[in-house]
Amino acid sequence: MTTSTTIPQGDSPKGDTNSHILRQEVLGSRRFSNYWWATVVSLGALGFLLAGISSYLKVNLLPFTDSTQLLFFPQGLVMGLYGVAGLLLSLYLWLVIFWNLGGGYNEFNLETGRIKIFRWGFPGKNRQIEIDFPTQDVQSVRVDIRGGINPRRALYLRAKGRRDIPLTRVGQPLSLKELETQGAQLARFLGVSLEGL
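Everything numeric in this text was worked out from a predicted model, so none of it was measured.

1. A look at the overall build of the chain
- What the chain contains, in helices and strands, is three helices and nine strands.
- What you see in the chain, going N to C, is helices and strands ordered as β-β-α-α-β-β-β-β-β-β-α-β.
- The C-alpha atoms of the chain give 24 Å as radius of gyration, which overshoots the globular expectation for 197 residues (16 Å, by more than 25%).
- Taken over 197 residues, the chain has a buried fraction of 37%.
- Counted over contacts in the chain with a minimum sequence separation of 6, partners at least 24 positions apart contribute 50%.
- Accessible area of the chain: about 11,700 Å², with a carbon and sulfur share of 60%.
- Positive and negative side-chain charges in the chain, numbering 21 and 14 respectively, have mean positions lying 6 Å apart.

2. Focus on the nonpolar core
- Counting residues in each nonpolar core, the largest one holds 20 residues, and the members touching the most others are Phe108, Ile115, Leu157, Leu186 and Leu190.
- Every element with two or more residues in this core is listed here: strand 4 (114–120), strand 6 (138–146), strand 7 (152–159) and helix 3 (176–190).
- Ranked by residues supplied to this core, first place goes to helix 3 with five residues.
- When sequence neighbours within four positions are dropped, the list of residues in contact with leucine 190 reads Phe108, Leu110, Ile115, Val138 and Leu157.

3. Structural notes on helix 2 (residues 72–99)
- Over its 28 residues, helix 2 extends 38 Å from the first C-alpha to the last, a length consistent with the 40 Å expected when each residue adds 1.5 Å.
- Along helix 2, the residues that are buried comprise Gly76, Gly80, Gly83, Gly86, Ser90, Val96, Ile97 and Trp99.
- On its buried side, helix 2 packs onto helix 1 (32–57) and strand 4.

4. Observations concerning the pairing of strand 4
- When strand 3 (residues 104–109) meets strand 4, the two strands line up antiparallel, connected through six bridges. Counterpart to glutamate 107 in the pairing with strand 4 is lysine 116.
- From the end of strand 3 to the start of strand 4, which pair antiparallel, there are four residues, and glycine 113 there has a positive phi angle of about 75 degrees.
- With seven bridges connecting them, strand 4 and strand 5 (residues 128–134) associate as antiparallel partners. Counterpart to arginine 114 in the pairing with strand 5 is proline 134.

5. Considerations on the UniProt feature "transmembrane region" (unreviewed entry) in the chain
- Under the UniProt annotation, "transmembrane region" (unreviewed entry) lies at residues 35–57 and 77–101.
- Taken end to end, residues 35–57 is 100% helix and 0% strand, and its two terminal C-alpha atoms sit 33 Å from one another.
- Taken as a whole, residues 77–101 contains 92% helix and 0% strand, while its terminal C-alpha atoms sit 34 Å from one another.

6. Considering the pattern of salt bridges
- Taken as a whole, this structure holds nine salt bridges when the rule is applied.
- Between glutamate 107 and arginine 23 there is a salt bridge, with its nearest N and O atoms 3.1 Å apart. With glutamate 107 in strand 3 and arginine 23 in strand 2 (residues 21–26), the pair connects residues that are 84 residues apart, well separated along the chain.
- Through salt bridges with shared partners, one network takes in Arg142, Arg158, Asp164 and Glu195.

7. A look at the layout of surface pockets
- A volume near 380 Å³ is recorded for the largest pocket.
- Around the largest pocket sit 21 residues that line it, and Arg119, Pro166, Thr168, Arg169 and Val170 are the ones nearest its centre.
- The greatest single-element share of the lining of the largest pocket, amounting to four residues, is contributed by strand 7.
- Along the lines of polarity and charge, the residues of the lining of the largest pocket split into twelve nonpolar, five polar and four charged.

8. Focus on the sheet that holds strand 7
- Pairing is mixed across the open sheet formed by four strands, whose spatial order is 8-7-6-9. Strands at the two margins of the open sheet, each flanked by one partner only, are strand 8 (165–166) and strand 9 (193–195).
- Note: strand 6 against strand 7, eight bridges, orientation antiparallel. Looking at the pairing, valine 138 lines up with alanine 159 of strand 7.

Cut-offs applied
Residues numbered from 1 in each chain as written. Predicted model: local features only at pLDDT ≥ 70, side-chain atom pairs only at ≥ 80, totals over all residues. Heavy atoms only, no water. Helix = DSSP H or I, 4+ residues; strand = E, 2+ residues; numbered from the N terminus. Rg over C-alpha atoms; globule rule 2.2 N^0.38 Å. Buried < 20%, exposed > 50% of the residue type's maximum accessible area, 1.4 Å probe, protein only. Contact = heavy atoms within 4.5 Å. Areas by Shrake-Rupley, 256 points an atom, 1.4 Å probe, with all protein chains shown as cover. Lys, Arg positive; Asp, Glu negative; His and termini not counted. Charge placed at Lys NZ, Arg CZ, Asp CG, Glu CD. Core = buried A, V, L, I, M, F, W, Y, C linked by side-chain atoms within 4.5 Å. Expected span 1.5 Å × (residues − 1). Pairing = 2+ DSSP bridges. UniProt positions renumbered as here; feature names shortened; annotations may be inferred. Salt bridge = Lys/Arg side-chain N within 4 Å of Asp/Glu carboxyl O. 1 Å grid on protein atoms, 1.4 Å probe; cavity = no way out; pocket = protein on both sides within 12 Å on 5 of 7 lines; lining within 4 Å. Points joined across faces, edges and corners; volume = space filled by probe spheres on them. Nonpolar A, V, L, I, M, F, W, Y, C, P; charged D, E, K, R; others polar.

If you want it as structure tokens, here you go:
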């Protein structure tokens, strides 16, 4: 009987080490930080837009301030334009969250001898991004650690005839401990070497 081990990224490995299938869930754009920024931008843009409309209509639409005192030209007009631009940006952020861009999974199946990397993309022809190849093509698991202002901590799969395939989420980097644990477990599971540590 085939057993399956699911490892959400960011958690430590759990489950049966004798399993034939290793599945890692990859967190996409449905992160708390994205919800936070989409909400903040939406509220700020709505405030600017209502202030611009209030200055034009001379009717106060904001409960916490009196924006009827603003001259429509140029202050009210500029605030209205900022509001429209902010609402367009917030619409984009909410759509990215709704589409769950970058979300998906990595599945390593020793029983079938196949590896499947799946991610969600933008709607259209290439909405589903999928890479499928045999496990025997895997040469190693590579850990990429870069410090500095924009640190990067990522896990890559090296395969014959392919560029390095990223396995970890985009955005918030994993902790060093999580990265080492996931890299070591995956290398052990596939029977290949771990590079970069």
